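Okay, here's what each chain looks like letter by letter:
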Amino acid sequence: MNRVRDKVALVTGAGSAVGRACALRLAAEGAAVFATDSAEAAARATAEQIGKSNGRAQHAAQQVADATGWTATLDAVKRAYGRLDIVVNAAQVYLKKSIRDTTLADVRAIEDTNFVGCWLAAKHALPMMREGGARGSFVVVSSVLGQVGLADAAAYGAIAGAIRIFIQSVALECGAKNDGIRANAVLAGPEPLHGLSSPAGPLALPQALQGSAETIAETVVYLASDESRFVTASAIVIDDGYSAA
Amino acid sequence: MTSRVAGKSIIVTGSTWGIGRGCALALAGEGARVVITGPDAEDEPGRSALAEIRSAGGEAIALIQDVREEASWRHVLERTQEAFGRIDAVINNAGRAILKPIEEMTLDDVRFELTLNLEGCFLGTRFALERLNAGGVVLNMSSVAALRGSVGSTAYGPSKAAILAFTRAAAQEAIRDARGIRVNAILPGLIWGPTVVMKLGAEKANAMREQAIARSPLKCVGDPADIAHLAVFLCSDAARGINGATLVVDGGATI
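Residues numbered from 1 in each chain as written. Chains lettered and ligands numbered in written order. Predicted model: local features only at pLDDT ≥ 70, side-chain atom pairs only at ≥ 80, totals over all residues. Heavy atoms only, no water.

With that out of the way, let us pick up the overall build of chain A. Along the backbone of chain A there are 7 helices and 7 strands. For 245 residues, the compact-globule estimate of 2.2 N^0.38 gives 18 Å, and chain A sits close to it at 17 Å. Seen through its principal axes, chain A has C-alpha atoms that stretch 50 × 40 × 35 Å. Residue burial in chain A is summarised as follows: out of 245 residues, 58% are buried. Sequence separation of 24 or more characterises 73% of the internal contacts of chain A that already satisfy a separation of 6 or more. (Helix = DSSP H or I, 4+ residues; strand = E, 2+ residues; numbered from the N terminus. Rg over C-alpha atoms; globule rule 2.2 N^0.38 Å. Buried < 20%, exposed > 50% of the residue type's maximum accessible area, 1.4 Å probe, protein only. Contact = heavy atoms within 4.5 Å.)

Shown next, in the form of structure tokens:
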């Protein structure tokens, strides 16, 4: 199991179900993982779980929408592993509210974690990935609700749509620098992204939108590995046919 | 040899050369029992693909097939069942690109494209939905020509675009059938190899290559292995939940 051997991966939101699954699978395939989460204990639990399986992992608390925090996180990655090859942006918040009930503060919170967090990751982490000179991979775990609308998910869906375009721009900017870094998105349904821990409680969504953290993690391994060396600016949808209907 | 699709019996149409051959080799390398098909499956191309798989310790058979013919499909399905006792995935890869400006295209050319590229895929999917083991996979080979127009692609592009619409509909029928079968499509960009030059001629092939490299942020063309890696993933149980999806593998050239 060495599909990402000798690579260093930073996983944000690594204390959540999806982020943790990504971190565990990357470590199982040979990557050294740096796990961050806004809740330090959750990030630590992920790193400890990897350690118990003889994987390599470190952790830190991180607010992804905080620019200074990114500098500190990347310094820590450098001290720990000396390089960075893979960034998996799995930090995400979900909001289930009608437009009428959504406040501007709600919208800002979605923007900050789901979009600004990725934007800062690209701004700060890509230069460090370039230093390593290896084939880098930048992955955002987002939602298929950026491609198809859903009632009571307007703010979340709109930002997921923004991510889809953002990833194309990142791919093009990396192309212009000829740095070999690829940028792709994994688009799942909101259920696997947030599961029962969603503050809004269980979501009234079609069965088809369920999918699993494990499949998201498997897809992230594919996109992080050199198996996908010809894949950039792309999105892989994991929704059991929901958005195809 | 690893075993991400161990024990699965997988039919790959048009797999004596190019992308299909790459998929057959990679799937066999991951433990699948592979059925190589093509009109030339019993000639040198089929024999050498078979030999390559077997010398690496893989398991495969090669069968002559015309994917446009129902009888030919029945023959392949029966022989697969006899050889491996089950069918877990069908990769509808057989296809051909007739690339000529519309004034040079004949109605026969258009019918050929629709018959081979779309109807072949239709028959493969129909038989697959009927006969695949639970949890099976149908993988249809579309193309980025389904997303972007180009000179000479007035029939090839539409035939590949139809495969996308077909795939989404077939996925819904698979969901209705509730046997855990998944139907997805891959859209390759320019996948380079000797067969591209052979089919298109050196001049046209090299012009396409230069254009593809210029358009790709990664400044490269693909290799059959690039499609094969994704095919292995999609055929494996790790891709559970990916259904009705259309996956672009083109070095970012069609943004």
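Turning next to the overall build of chain B. Each helix and strand counted, chain B has 8 helices and 7 strands in total. On C-alpha atoms alone, chain B measures out to a radius of gyration of 17 Å, which is about the 18 Å that the 2.2 N^0.38 rule sets for 255 residues. In terms of its C-alpha atoms, chain B occupies a principal-axis envelope of roughly 50 × 40 × 35 Å. Considering chain B as a whole, with its 255 residues, one finds that 56% of them fall into the buried category.

For the rest of this paragraph, the subject is the interface of chain B and chain A. Contact with chain B, which involves 33 residues of that partner, is made by 28 residues of chain A. Regarding the contact of chain B and chain A, the summed buried area is about 2,500 Å², with carbon and sulfur atoms giving 62% of it. Two residues, A:Glu227 and B:Arg4, come together in a salt bridge whose shortest N-O distance is 3.5 Å. On the surface where chain B and chain A come into contact, there are 11 residue pairs in polar contact (both at pLDDT 80 or more). Put simply, the parts of the chain that give the side of chain B that touches chain A at least two residues each are α5 (156-177), α8 (224-235) and β7 (246-249) of chain B. Split by residue class, the side of chain B that touches chain A holds 18 nonpolar, 8 polar and 7 charged. (Buried area = accessible area lost by both parts, 1.4 Å probe. Salt bridge = Lys/Arg side-chain N within 4 Å of Asp/Glu carboxyl O. Polar contact = N/O pair within 3.5 Å; in protein donor to acceptor, adjacent residues only side chain to side chain. Nonpolar A, V, L, I, M, F, W, Y, C, P; charged D, E, K, R; others polar.)

All names here are of chain B. All chains considered together, the criterion is met by 1 cavity of 30 Å³ or more. If you add up the space inside the largest cavity, you get close to 30 Å³. Lining of the largest cavity is provided by Thr13, Val67, Asn92, Asn93, Ala94, Leu116, Asn117, Gly120 and Cys121. Sorting elements by how many residues they give to the lining of the largest cavity places helix α4 (residues 107-131) first, with 4 residues. (1 Å grid on protein atoms, 1.4 Å probe; cavity = no way out; pocket = protein on both sides within 12 Å on 5 of 7 lines; lining within 4 Å. Points joined across faces, edges and corners; volume = space filled by probe spheres on them.)

Attention now moves to the side chain of A:Thr219. Among the secondary structure elements, A:Thr219 is positioned in helix α7 (residues 213-224). What makes A:Thr219 buried here is its relative accessible area of 0%.

Quick look at the side chain of B:Asn184 now. On the secondary structure map, B:Asn184 appears in strand β6 (residues 182-188). For B:Asn184, the residues in contact, after removing those within four places along its chain, are B:Val138, B:Leu139, B:Asn140, B:Thr167, B:Ile242, B:Asn243, B:Gly244, B:Ala245 and B:Leu247.

Attention now goes to the confidence of the model for chain A. In low-pLDDT regions, the fine details of the predicted coordinates are not to be read closely. Per-chain confidence: chain A averages 90 in pLDDT, with 91% of residues scoring 70 or above. Confidence drops under pLDDT 50 across residues 194-210 of chain A; counting only partners more than four residues distant or on other chains, this segment forms 31 contacts. (pLDDT = per-residue confidence, 0-100.)

Attention shifts here to the packing of helix α1 (residues 18-29) of chain B against helix α2 (residues 44-55) of chain B. Residues and elements named next belong to chain B. Relative orientation of the contacting elements α1 and α2 amounts to 20 degrees, with a least axis distance of 10 Å. Classified by the interaxial angle, the pair formed by α1 and α2 is roughly parallel. Handedness of the crossing formed by α1 with α2: right-handed. Of the residues in α2, those touching α1 at Arg21, Ala24, Leu25 and Ala28 are Pro45, Ser48, Ala49, Glu52 and Ile53. Looking at the contact of α1 with α2 residue by residue, the classes come out as 6 nonpolar, 1 polar and 2 charged. (Axes fitted to C-alpha atoms, helices over the stretch in contact; angles between N-to-C directions. Parallel < 35°, antiparallel > 145°, perpendicular 65-115°, else oblique. Left-handed = near helix turned anticlockwise from the far one by under 90°.)

A separate point is the environment of B:Met208. Residues and elements named next belong to chain B. As for its position among the elements, Met208 is in helix α7 (residues 202-215). Along the chain, Met208 and Val196 lie 12 residues apart, while their C-alpha atoms are 9.9 Å from each other. Apart from residues lying up to four places away in sequence, Met208 is in contact with Leu99, Leu190 and Leu200.

Under the criterion given, the structure shown has 25 salt bridges over all chains. The closest approach of N and O atoms between A:Glu131 and A:Lys78, which form a salt bridge, is 2.8 Å. With A:Glu131 in helix α4 (residues 104-132) and A:Lys78 in helix α3 (residues 67-81), this residue pair connects regions lying 53 residues apart in the sequence. A salt bridge links B:Glu130 to B:Arg131, with the shortest nitrogen-to-oxygen separation between them at 3.4 Å. Accessibility expressed as a relative area gives 51% for B:Glu130, which makes it exposed. One salt-bridge network, held together by shared partners, links A:Arg3, A:Arg25, A:Glu29, A:Glu218, A:Glu227 and B:Arg4.

This part takes up the sheet that holds β7(B). Residue and element names in this part refer to chain B. Pairing within the open sheet is parallel, and its 7 strands lie in the order β3-β2-β1-β4-β5-β6-β7. Only two strands of the sheet have a single partner each, and these edge strands are β3 (59-64) and β7. The average undirected angle you get between the axes of adjacent strands in this sheet is 20 degrees. Pairing of strand β5 (residues 137-141) with β6, which is carried by 5 bridges, proceeds in the parallel orientation. (Pairing = 2+ DSSP bridges.)

If you look at the biggest cluster of nonpolar residues, it comprises 70 residues, and the most contacted ones within it are A:Leu26 and B:Leu27. Apart from residues no more than four positions distant in its own chain, A:Leu26 is found in contact with A:Val4, A:Ala9, A:Val11, A:Ala31, A:Val33, A:Val88, A:Val220, A:Val221 and A:Ala224. The next biggest cluster of nonpolar side chains, apart from the first, holds 43 residues, and it includes A:Ala60, A:Leu74, A:Val140 and A:Leu187. (Core = buried A, V, L, I, M, F, W, Y, C linked by side-chain atoms within 4.5 Å.)

So, about the sheet that holds strand β4 (residues 86-89) of chain A. Residues and elements named next belong to chain A. Across the sheet, 7 strands lie side by side as β3-β2-β1-β4-β5-β6-β7; this open sheet has parallel pairing. Lying at the two open borders of the sheet, with one neighbouring strand each, are β3 (56-61) and β7 (235-238). Taken over all neighbouring pairs, the strand axes of this sheet differ in orientation by 15 degrees on average, direction set aside. Bridge analysis of β4 against strand β5 (residues 137-143) gives 4 bridges, and the strand direction is parallel. Of the residues in β5, the one forming a bridge with Ile86 is Ser137. Against the sheet, helix α5 (residues 154-177) engages β5, β6 (182-188) and β7, with an angle of about 160 degrees to β5.

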